[in-house]
Amino acid sequence: MGTSKTLVERRRADIVSTLSERPRMRVLDLAQYFEVSPLTIRRDLDFLSEKGIVQRSHGFVEIIDPLGSPLSSSAVLIKRSIAAEAARLVEDGDTIFINTSSTALSVIEHITALNVTVVTNSGKALQITPPPTLSVILTGGEIRQPKWSMSGEFSLSTVGHINAAKAILGCSGLSADRGLTTLVSHETSVNSLMLEHSDMHIIVADHTKIGTNASFKYGGPEQVHILVTDHDTNKEEISHLERAGVRAVVYPSENSCQ
């Protein structure tokens, strides 16, 4: 039973990897490629479709990422498992800040709490279909491509008038010495204000971000209440972060991306 489950999970990860290299394939060709029946491959694709990873049309399947970030063989599954775990921390009635991070934005799709309000400075939130009991407020502001991020006085004014229960933020890097950093200079002020105007700070970052530094700092490690990361994160870096003030580290449960 366990071996069979592992084989299915491995095949599904391999399907994502294959479609990352060949973004559009015939379903029957995919079944032949993996030497399984069309029924089996359709079950795999149904699973991946429910997760928002692929879409099917007229006998074809293509990989998608509604947030527009690059996809690799396992990166999308890791991102979604982190997002799903972070969504468990959202409670009924919460107002939460979410920044332009693709991982943070993915949290929206996984929220099951009721009457939640999301405030975000990402225009790409419009590409996500939120749960029916969730409301999305855009901060407004000057839109910068390619991330469709909103910044400037309008964005800061919106954030500044809100006190959120939680801020769920992504980053380009998180290290013990520099803290929370981003590659995008105009997003630092919005990120910092989201931290200032929220009661709990939840950082979502995969193992590639931990222990690394980007150019622009927006918060210290001591401001991180909960870090949600994946199991491939270097444990020594986690120890450094905990000593620097990160209060708790959470990893996705086994079934977070299943």
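Just so it is clear, the model here is predicted, and its values are computed rather than measured.

This next bit is on the overall build of the protein chain. Along its length, the protein chain carries eight helices and 15 strands. Here the protein chain, with 258 residues, has 48% of them falling under the buried criterion. For the protein chain, restricting intrachain contacts to residue pairs at least 6 apart in sequence, the fraction spanning at least 24 positions comes to 59%. Split by element, the accessible area of the protein chain, about 12100 Å² in all, is 50% carbon and sulfur.

Bringing unusual backbone geometry into the picture now. Not every positive phi belongs to a glycine, and glutamate 35 is a case in point at roughly 55°. Structurally, glutamate 35 can be placed in the loop between α2 (27-33) and α3 (38-50). Given a relative accessible area of 74%, glutamate 35 falls into the exposed group.

A few words now on the packing of aromatic side chains. All chains considered together, the criterion is met by one aromatic pair. Measuring from ring centre to ring centre gives 5.1 Å for tyrosine 33 and phenylalanine 34, while their planes differ by 75°; the resulting arrangement is edge-to-face. For phenylalanine 34, a relative accessible area of 17% corresponds to the buried category. Lying over the aromatic face of phenylalanine 47, arginine 12 brings its terminal NZ or CZ to 4.3 Å of the ring centre.

Before going further, it helps to spend a moment on the packing of helix α6 (residues 153-160) against helix α7 (residues 188-196). One way to put it is that α6 packs onto α7 with a least axis distance of 9 Å and a crossing angle of 5°. Looking at the two axes, α6 sits roughly parallel to α7. Contact residues: Ser155, Leu156, Val159 and Gly160 in α6; Ser189, Val190, Leu193 and Met194 in α7. Class assignment for the residues of the contact of α6 with α7 results in five nonpolar, three polar and no charged.

Within the open sheet, the seven strands sit side by side as β6-β5-β4-β9-β12-β14-β15. Their pairing is parallel. Both edges of this open sheet fall to β6 (134-138) and β15 (248-250), since each of them pairs with a single strand only. Between one strand axis and the next, the sheet turns by 25° as a mean value, whatever way the strands run.

The first and last C-alpha atoms of helix α4 (residues 75-87) sit 18 Å apart over 13 residues, in line with the 18 Å expected at 1.5 Å per residue. Of all the 13 residues making up α4, twelve are buried; the element is thus mostly covered by neighbouring parts of the structure. The set of residues buried in α4 consists of Val76, Leu77, Ile78, Lys79, Arg80, Ser81, Ile82, Ala83, Ala84, Glu85, Ala86 and Ala87.

This paragraph deals with α3. Along its 13 residues, α3 runs 18 Å from first to last C-alpha, staying within 8% of the 18 Å computed at 1.5 Å per residue. Three or more residues of α3 are buried, namely Ile41, Asp44, Leu45, Phe47 and Leu48. For α3, the angular spread of the buried residues around the axis is 155°, confining them to a single face. Set apart from the buried face of α3 by more than 90 degrees, the exposed residues are Leu39, Arg43 and Glu50.

To continue, consider the sheet that holds strand β10 (residues 173-175). The strand order across the open sheet formed by three strands is β10-β11-β13, and the pairing between neighbours is antiparallel. Each edge of the open sheet carries a strand with a single partner, namely β10 and β13 (216-219). The sheet shows a mean angle of 35° between the axes of neighbouring strands, direction not considered. Here three bridges tie β10 to strand β11 (residues 179-182), and the two strands are oriented antiparallel to one another. By the bridge assignment for β11, leucine 174 is matched with leucine 180. Sheet strands touched by α7: β11 and β13. Its angle to β13, the strand with the most contacts, is close to 15°.

Attention now goes to the packing of α4 against helix α5 (residues 102-110). The description of two helices packed together rests on the angle between their axes and the distance between the axes. Taken N-terminus to C-terminus, the directions of α4 and α5 make an angle of 60°; their axes are 8 Å apart at the nearest point. For the element pair α4 / α5, the angle class is oblique. As α4 packs across α5, the resulting crossing turns out to be right-handed. Every residue of α5 that contacts α4 at Lys79, Arg80, Ile82, Ala83, Ala84, Ala86 and Ala87 is listed here: Ser102, Thr103, Ser106, Val107, Glu109 and His110.

Parameters at a glance
- Residues numbered from 1 in each chain as written.
- Predicted model: local features only at pLDDT ≥ 70, side-chain atom pairs only at ≥ 80, totals over all residues.
- Heavy atoms only, no water.
- Helix = DSSP H or I, 4+ residues; strand = E, 2+ residues; numbered from the N terminus.
- Buried < 20%, exposed > 50% of the residue type's maximum accessible area, 1.4 Å probe, protein only.
- Contact = heavy atoms within 4.5 Å.
- Areas by Shrake-Rupley, 256 points an atom, 1.4 Å probe, with all protein chains shown as cover.
- Phe/Tyr/Trp six-rings, centres within 6.5 Å; stacked < 30°, edge-to-face > 60°.
- Lys NZ or Arg CZ within 6 Å of the ring centre and 35° of its normal.
- Axes fitted to C-alpha atoms, helices over the stretch in contact; angles between N-to-C directions.
- Parallel < 35°, antiparallel > 145°, perpendicular 65-115°, else oblique.
- Nonpolar A, V, L, I, M, F, W, Y, C, P; charged D, E, K, R; others polar.
- Pairing = 2+ DSSP bridges.
- Expected span 1.5 Å × (residues − 1).
- Arc of directions from axis to C-beta.
- Left-handed = near helix turned anticlockwise from the far one by under 90°.

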